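Below, each chain spelled out in residue letters.
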Amino acid sequence: MRFRNLQELMELCESESKTISEIMIQDQSEETGQSAAEIMTVMTEYYQIMKSAVHKGLTEETKSPSGLTGGDAKRVEAYRKREESSAGAIACQAMAYALAVSEVNASMGRIVATPTAGSCGIIPGVFVSAQERFGWDDEHLVRGLFCAGAIGYVIANNSFISGAEGGCQAEVGSAIGMAAGAMVELRGGTPEQAVHAVGLALKNTLGLICDPVGGLVEIPCIVRNGFGAVNALAAADMALAGVRSAIPSDEVIDVMLEVGSAMPSRHRETAQGGLAQTPTGRKIMKELRARKK
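Residues numbered from 1 in each chain as written. Predicted model: local features only at pLDDT ≥ 70, side-chain atom pairs only at ≥ 80, totals over all residues. Heavy atoms only, no water.

### Considerations on helix H6 (residues 122-134)
Okay, step 1: Between its first and last C-alpha atoms H6 spans 18 Å; for 13 residues at 1.5 Å apiece the expected length is 18 Å, and the two agree.
Okay, step 2: Burial runs high along H6: ten of the 13 residues are buried.
Okay, step 3: Within H6, burial applies to Ile122, Ile123, Pro124, Gly125, Val126, Phe127, Val128, Ser129, Ala130 and Gln131.
Okay, step 4: Residues of H6 that are buried make contact with helix H3 (36-59), helix H5 (89-106), helix H7 (138-158), helix H9 (168-186) and helix H11 (221-240).
Okay, step 5: Within two residues after H6, Gly135 carries a phi angle of roughly 75 degrees, on the positive side. (Helix = DSSP H or I, 4+ residues; strand = E, 2+ residues; numbered from the N terminus. Expected span 1.5 Å × (residues − 1). Buried < 20%, exposed > 50% of the residue type's maximum accessible area, 1.4 Å probe, protein only. Contact = heavy atoms within 4.5 Å.)

Right under this line is the structure:
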């Protein structure tokens, strides 16, 4: 890739009068030797998997093998259709869709890691609900995935995307930043606005620990996906409104590396701290272990 950070990516966009997705498609084509059309075809297949996961999570049984989770996406979607939600129907829909995909993951269904399985619901939740709302065609959303991918590439190479390395700020936080920046581009915002959306989103999740109850990617991971989709929409709206990240987004990514590196191991996906070690968390873990014997 010709860019190592978001500043360089933004400068490329400005100098070549291209969107982030166009730069990403071009650079990926040059690196792989595949044509832009071939790369688009592969990403289109990924987007179809995302849409299928949303549908499955809202219409089929998603009880996880552990029995801990499943059905919350349907509950939120039913509530959205039945009541005037506190967050608004749009946010509620994105939340339901994100929960749906994350529950499909927990029930051993097929998903796309964006950037990880633990954060797989956020981008589909934002993208699929936005597509239904704005009437965008699949190609538009697929291009948005390349924008999200460029942002994820920068984060992964300058900080973390793994909860085991940097806490949930690295998984859910990265996905929120990717979704927020991509949403700005999808809405016609500038590359600069997209980059500010990333910083705004990541600042809101700094320090978020990874504390899966029972060591499973279920509690609290699934609900964090739901909240993450709403946060991404909020960050995108802030950036589109002209709100800027006072701390440059690349510096926010550096801080995520600093915070994640300082985070105790018990708060990095080991289930040795946080919610996993509450009285209820320990009780659930004990019951799961007894069931395996």
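### Some thoughts on the packing of H3 against H7
Okay, step 1: At a minimum axis distance of 9 Å, the contact between H3 and H7 shows a crossing angle of 100 degrees. Taken as axis vectors, H3 and H7 run roughly perpendicular relative to one another. Note on element contacts: H7 touches H3 through Asp138, Glu139, Leu141, Val142, Arg143, Leu145 and Phe146, opposite Ile39, Met40, Met43, Thr44, Tyr47, Gln48, Met50 and Lys51.
Okay, step 2: Taken together, the residues of the contact of H3 with H7 sort by class into nine nonpolar, two polar and four charged. (Axes fitted to C-alpha atoms, helices over the stretch in contact; angles between N-to-C directions. Parallel < 35°, antiparallel > 145°, perpendicular 65-115°, else oblique. Nonpolar A, V, L, I, M, F, W, Y, C, P; charged D, E, K, R; others polar.)

### Quick word on the environment of Leu275
Okay, step 1: Here Leu275 lies in the loop between helix H12 (249-262) and helix H13 (279-292).
Okay, step 2: With sequence-adjacent residues up to four places away left out, Leu275 is seen in contact with Asp211, Val213, Pro220, Arg224 and Gly281.

### Some remarks on the packing of helix H1 (residues 6-16) against helix H10 (residues 191-203)
Okay, step 1: Where H1 meets H10, the axes come as close as 9 Å, and the angle between the chain directions of the two elements is 165 degrees. On the basis of the axis angle, H1 is roughly antiparallel to H10. Here H1 and H10 pass one another in a crossing that is right-handed. Only Pro191, Glu192, Val195 and Val198 of H10 make contact with H1, whose side of the interface consists of Leu6, Met10 and Cys13. (Left-handed = near helix turned anticlockwise from the far one by under 90°.)

### Quick notes on unusual backbone geometry
Okay, step 1: Cis geometry is found at the peptide bond from Thr114 to Pro115, where omega equals -5 degrees.
Okay, step 2: Here Pro115 is to be found in the loop between H5 and H6.
Okay, step 3: Backbone torsion omega between Ile219 and Pro220 reads 5 degrees, so that peptide bond is classified as cis.
Okay, step 4: By the secondary structure assignment, Pro220 is in the loop between H10 and H11.
Okay, step 5: Of note in this structure, Ser17 is not a glycine but carries a positive phi near 55 degrees.
Okay, step 6: Within the secondary structure, Ser17 is located in the loop between H1 and helix H2 (20-32).
Okay, step 7: A relative accessible area of 66% means that Ser17 is categorised as exposed.
Okay, step 8: Backbone geometry at Glu269 places phi at a positive 65 degrees, although glycine is not the residue there.
Okay, step 9: Summarising the element assignment, Glu269 is placed in the loop between H12 and H13.

All we've got here are geometric facts, nothing functional implied.
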